[in-house]
Amino acid sequence: MAQTTRRELLKIGVGTVAGLGAVAGASALGFDLKKATAVKRGLRLAGAKESHSICPYCAVGCSIVAYTKQDASGRAQLLQVEGDPDSPINEGRLCPKGASAMQLATSARRVARPLYRAPGATAWQEKEWDFVLDKLAQNVKDSRDRTFVAQDANGNVVNRTEGIAFAGGAAFSSEEGYLATKLMRSLGLVHLEQQARV
Amino acid sequence: MTNHWRDIKNADVILINGANPAEAHPVGFQWFVKAKLDPARGPGSGGGAKIIHADPRFNRTSAMADKYLRIRVGTDVAYFGGLISYVLQNKLFNESYVKSYTNASFIVKDGFAFTDGLFSGYNKTTRSYDIATWAYETEGDPLDGPAGTTQARAKRDLTLQHPRCVFQLLKAHYARYTPQMVSSITGIPIVDFLSVANLVGEMGRPDKVMTIVYAVGLTHHTTGVQLIRSGALLQLLLGNMGMPGGGMNAERGHANIQGNTDHAISWDILPGYLRIPAPGQKDLNAYVAGSAAKKSDPNSWNFFGLNYKKFMVSTLKAWYGAAATSANEFAFHFIPKPGVNSSWMSIYDQALKGKMEGVVLSGMTATSIGPDSNQVLKALSNLKWLVIMDPLPTTSSEFWRAPGLEPKQIQTEVFMLPTTHWIEKDGSFTNSGRWAQWKDQILPPEGQARHDHWILADLFARVRALYKQQGGKFPDPILAATMDYKDPLKPELDEIAKEINGKDLATGKQMTSFALLKDDGTTTTGDWIYVGSYTDDGNLMKRRKGIQDVKANDPTGMGFFPEWAWCWPLNRRVLYNRASADPDGKAWDPKRPGIVWDGAKWTGDVPDYPPTMNPKDPAAWLPFIMNGEGVGRLFSNSAADGPFPEHYEPIEAPIPNPLHPAQSEDPVAFLYDEAAGRPNRFGKVDKYPFVATTYRLTEHEHYVTQHVPLLVGLQPQAFVEVPEELAQEKGIKNGDRVRVFSERGKIEVAALVTKRLGPVTVGGKKVYHIGIPIHWGFVGISAEQNPERSKNWMANVLTPFVGDANSRTPEFKAFLVDIQKL
């Protein structure tokens, strides 16, 4: 039998939640299982689109390959997520979290639409985006106008909004974070934080 | 990280503190194992790199270590201090490196002192230091350079004999950290400490290198900054900063915590680690004078300080476009100037004081994160409004119906805005090693979910419209902020990535280097350290030349992979790499070159130095070009709690500080409750005899994975780890339910009785640790399956509301509790 490189092996694949054990397990189990797995996988992934992403969990920065196919409505369906064999960081490996990333990506537990909980209310109400964004815009403006300090007690120009805080960003793209910083500082926010300290 | 994940395979010794990479960063850990298995690595003549792991808990990292040290949490300064002392006493440091590449030879002002646990200048009333004496003795006039970026020349004694030179002060400071003292503080047996010290000491040889790896186990302390500084001091003495296989390497815990720290979602900085301006800085020159490093040696380039104004003006131009002009100091006063610390805990402290009206949380849940989750719940209840941007419910979106709270009494208006997952949008993540990697959009947004940045852009547009219609306080920055995107309500991340890189306004071309930025308003950048990531050649973060062809894609063989993604700054894979070569430009270790001088230019990694500067030129710059001194700082006035790291006990400690019992804890740790006039809620050892620490498990990431069925299946329920001996004393059996409580709250969970946690003997006393994984709360799959039990699952109800003197990082990792069998 021809030698199969580890990279080819990973390309052939041995299942989704294989993680660090993938290579050793496949070799130990021998050729037949590998072939069967490859055939099975071939049937499932034939014609699928291969795209690249990064694991959403820790900051090792493992590259992942995602396979999608369009369903009848033309919407992309995620078929499989696996370690990217080309990455000099993970070389195709994923941990249990990364290997199960598909269950985070497609989840019936997602919040489907904007929710609003009025002061003192005991339940959420579903709302339209325009409702929540308009209400929030007025809240931001009112809180900013109430808590804005143009000059401090020593007469220094400080132009700061003391009563609004923004925290987040460890889970979204850098470009989103940059925009958040620009917009929040432009609103005068001084309380601006993410996960780095905690 | 000064280095990066794959580079760890280049190390001879891997010293791990405050981290458990085998479980928290398992795929990154492969590089540790590769170093260990590589026969070309290791002290002596090969045989594999040695892994040294200091941790109170014998975990999977310890299982792979050559040396495991059971250390009491929060005492790593004593451990590193002992190693520093051992290296100094036994002259094991890299002498040439220490003389030429550190400030060991700089002479400190007369009057600097350290007595009974306090450095000179302490003010007990304000709990702060006057740092006037934490400075160099200088001579002559200020050195040449732009206004506010130079000072007089610091005096040096290159023989290192002057009694007030940094080297002698350092030696005196750490002389107290004898193996006996280290053992008494940390609980590490003397013989084990000495065997590790011996191994570490060998790494001072020019042909050897050690990496220090850490995570939040070092940062989450009232002495967090000094814990890390003490490791950095050791690395400077051993000549390991700048070396492949060396450096100080922080493993970060979230996919893009690095990228969005770089982009300054942090109260005290602007993009690229420019400082946020302070009140009283009337113009840009005053800002630079108050913020930039000061050149203190004629051979110091002081690159950051020298260019501070250019970076700031270019960012102001990116943000405010035509509204930023030389006539208005490029809109300098559009940037808010905080009067007081405004970091994470300060947000909730202000809410408790009734001064915070609205909080937006995106992908972060304050309730679970804490510290002191019960107090955070009070703070959230005090807000007028709270916004949660998340794809899934969190303990913050549901805080108003948290166990024990009465929704009707909570007047906070709550908005839950469903956001997209990472896989539903493109954009880059920057990993711990500073590699910015672009990802594709793979799926369309689920349901009505929207991208975080579209929500913010839309909200901002609506606020802007309200200011136009209604007027209001200082609308200028809101009206002027640039939103020059094809659709200002839906900016593409590709457009923003280009903006971050910046351009030359005269030619319209993308910038290729931050060295070309100007302070006259003709260049822009969103973040100077990302200049070069997206040039006219395209988005370099998309590059994918990886291990498909190792020979072609890693030409130096050092693991840099220069065309895999892009790395800040300027695609440089190892920071401070000028220090990987000796003063003449030859590699300290020819087998392990970072950059080397070939007679005409520097080759290897992207040089952290002018590419054609001849090292033999007497006017050549010193190696650490970002510092005012041009050299690594063994002594620094940049930390609020001392120029040298000193061991202080956690705020809640099992013993008085053996070094100076009268000054047991960090004298400038920030006591939020006390400062706000609320009673401190710290427990004493007589009531809470056990040391607790918190951590993460492989199968979960903070709290979001409570929604992932496979992972909940692997780690279904909250538990604590209890040492076997203690469990026996308390009659606790494996699987029993126990209550663990601190002065602030309680959890009720299963006990995992284990040999992994054993006692340590400190200050002559036997002390137990209790280990607490952080992942559970009252939201998620297991909470729904266990509605009663999950009411008391949230680990951070236990943790103290106190901050590091410098960074205000909470002390999550060392506090006192008691335990009872239920």
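Every chain's residues receive numbers from 1 upward, in the order its sequence appears when written. Naming scheme: in the order in which they are written, chains are lettered from A and ligands are numbered from 1. Confidence filtering applies because this is a predicted model: local features only for residues at pLDDT of at least 70, side-chain atom pairs given and counted only at 80 or more, and all residues used for totals across whole chains, interfaces and linings.

Here we look at the overall build of chain B
A count of helical and extended segments in chain B gives 24 helices and 33 strands. Our radius of gyration looks at C-alpha atoms and nothing else; its globule reference is 2.2 Å times the residue count to the power 0.38. Taking 822 residues into account, the globule formula puts the C-alpha radius of gyration at 28 Å, and chain B, at 26 Å, falls close to it. By principal-axis analysis of the C-alpha atoms, chain B measures approximately 75 × 70 × 60 Å. Three exposure classes are used, all based on how many other C-beta atoms lie within 10 Å of a residue's own C-beta (placed from the backbone): buried at 20 or more, exposed at 12 or fewer, and partly exposed between those limits. Taking all 822 residues of chain B together, the buried fraction comes to 62%. The contact rule is simple: place each C-beta atom from the backbone, and if two of them lie within 7 Å, those residues are in contact. Partitioning the intrachain contacts of chain B with sequence separation of at least 6 by distance along the chain shows that 70% fall at a separation of at least 24. The helix and strand labels rest on DSSP assignments: H or I over at least four residues marks a helix, E over at least two residues marks a strand, and numbering proceeds from the N terminus.

Some points on the overall build of chain A
Helix and strand counts for chain A stand at seven helices and eight strands. For chain A, with 198 residues in total, the buried portion stands at 53%. Taking all contacts inside chain A whose residues are at least 6 apart in sequence as the whole, residues at least 24 apart take part in 44%.

So, the domain arrangement of chain B
All names here are of chain B. The domain architecture assigned to chain B consists of domain 1 (344-431 + 435-470) and domain 2 (661-821). Residue ranges assigned to the domains are those given by an automatic or database domain assignment. Each of domain 1 and domain 2 has a C-alpha centre, and these two points are 26 Å apart. Contact residues are listed per partner, giving 21 residues for domain 1 and 21 residues for domain 2. Elements with a minimum of two residues in the side of domain 1 that touches domain 2: α14 (344-352), α15 (366-369) and α16 (373-381). Throughout, the ten residues Ala, Val, Leu, Ile, Met, Phe, Trp, Tyr, Cys and Pro are labelled nonpolar, Asp, Glu, Lys and Arg are labelled charged, and all others, Gly among them, are labelled polar. Here the side of domain 1 that touches domain 2 is composed, by residue class, of eight nonpolar, nine polar and four charged.

Details of the sheet that holds strand β21 (residues 566-567) of chain B
Residue and element names in this part refer to chain B. At least two DSSP bridges between two strands are required for those strands to pair. With antiparallel pairing, the three strands of this open sheet are ordered in space as β17-β18-β21. Each end of this open sheet is capped by a strand with a single partner; those strands are β17 (427-430) and β21. The sheet contact formed by β17 and strand β18 (residues 435-439) spans four bridges and is antiparallel. Along β18, the bridge assignment pairs Ser428 with Trp438.

Considering the packing of helix α12 (residues 284-291) of chain B against helix α13 (residues 303-320) of chain B
Residues and elements named next belong to chain B. To obtain each axis, a line is fitted to C-alpha atoms, and for helices this fit is confined to the stretch in contact; angles are then taken between N-to-C directions over 0 to 180 degrees. At a minimum axis separation of 10 Å, α12 and α13 run at an interaxial angle of 125°. With respect to each other, α12 and α13 are oriented oblique. When the axes of α12 and α13 are compared, the crossing they make is right-handed. Taking contact as the criterion, the partners of Leu284, Tyr287, Val288 and Ser291 in α12 are, on α13, Tyr308, Lys309, Met312 and Val313. Along the lines of polarity and charge, the residues of the contact of α12 with α13 split into six nonpolar, one polar and one charged. If an angle is under 35 degrees, it is roughly parallel; if it is over 145, roughly antiparallel; if it lies from 65 to 115, roughly perpendicular; otherwise it is oblique. A clockwise turn of the near helix away from the far one marks a right-handed crossing, whereas an anticlockwise turn of less than a right angle marks a left-handed crossing.

Observations regarding the interface of chain A and chain B
Taken residue by residue, the interface counts 111 residues in chain A and 137 residues in chain B. For the side of chain A that touches chain B, the leading source of residues is helix α6 (residues 129-147) of chain A, giving 15 residues. Looking at the side of chain A that touches chain B residue by residue, the classes come out as 56 nonpolar, 32 polar and 23 charged. By the bridge criterion, three bridges tie strand β4 (residues 115-117) of chain A to strand β16 (residues 413-418) of chain B in an arrangement that is antiparallel. Residue pairing across strands places Tyr116 of chain A opposite Phe415 of chain B, the latter belonging to β16 of chain B.

Topic: the environment of Lys601 of chain B
Residues and elements named next belong to chain B. As for its position among the elements, Lys601 is in the loop between β22 (595-597) and β23 (602-604). The exposure class of Lys601 is partly exposed, given the 14 C-beta atoms found within 10 Å. Contact partners of Lys601, with chain neighbours within four places excluded, come to Pro611 and Thr612.

Section: helix α10 (residues 224-238) of chain B
All names here are of chain B. The span expected for a helix works out to 1.5 Å for each residue beyond the first. In this model, α10 (15 residues) spans 22 Å end to end at C-alpha, consistent with the 21 Å of a helix rising 1.5 Å per residue. Buried residues dominate α10, accounting for 15 of its 15 residues. Gly239 sits one or two positions beyond α10 and adopts a positive phi of about 75°.

Here's the deal with the pairing of strand β15 (residues 385-390) of chain B
Residues and elements named next belong to chain B. Most of β15 sits inside the fold, with six of its six residues counted as buried. Going residue by residue along β15, you find Trp385, Val387 and Met389 tucked away on one face and Leu386, Ile388 and Asp390 tucked away on the opposite face as well. Here strand β14 (residues 358-362) runs beside β15; their pairing, made up of five bridges, is parallel. Its bridge partner lying in β15, Val359 is registered against Leu386. In this structure, β15 lies alongside β16, joined through six bridges in parallel fashion. Bridge pairing in β16 links Val387 to Phe415.

With respect to the nonpolar core
All names here are of chain B. One nonpolar core equals one set of buried Ala, Val, Leu, Ile, Met, Phe, Trp, Tyr and Cys residues connected by C-beta atoms within 7 Å. Counting residues in each nonpolar core, the largest one holds 165 residues, and the members touching the most others are Val387, Val740, Ile770 and Val817. Of all the elements, α13 adds the most residues to this core, at eleven residues. Sequence-distant contacts of Val817, defined by excluding residues within four places in its chain, comprise Tyr688, Phe690, Ala692, Val740, Phe741, Ser742, Ile770 and Leu798. Counting residues in hydrophobic clusters, the runner-up holds 136 residues, among them Phe167, Val182, Val596 and Leu634.

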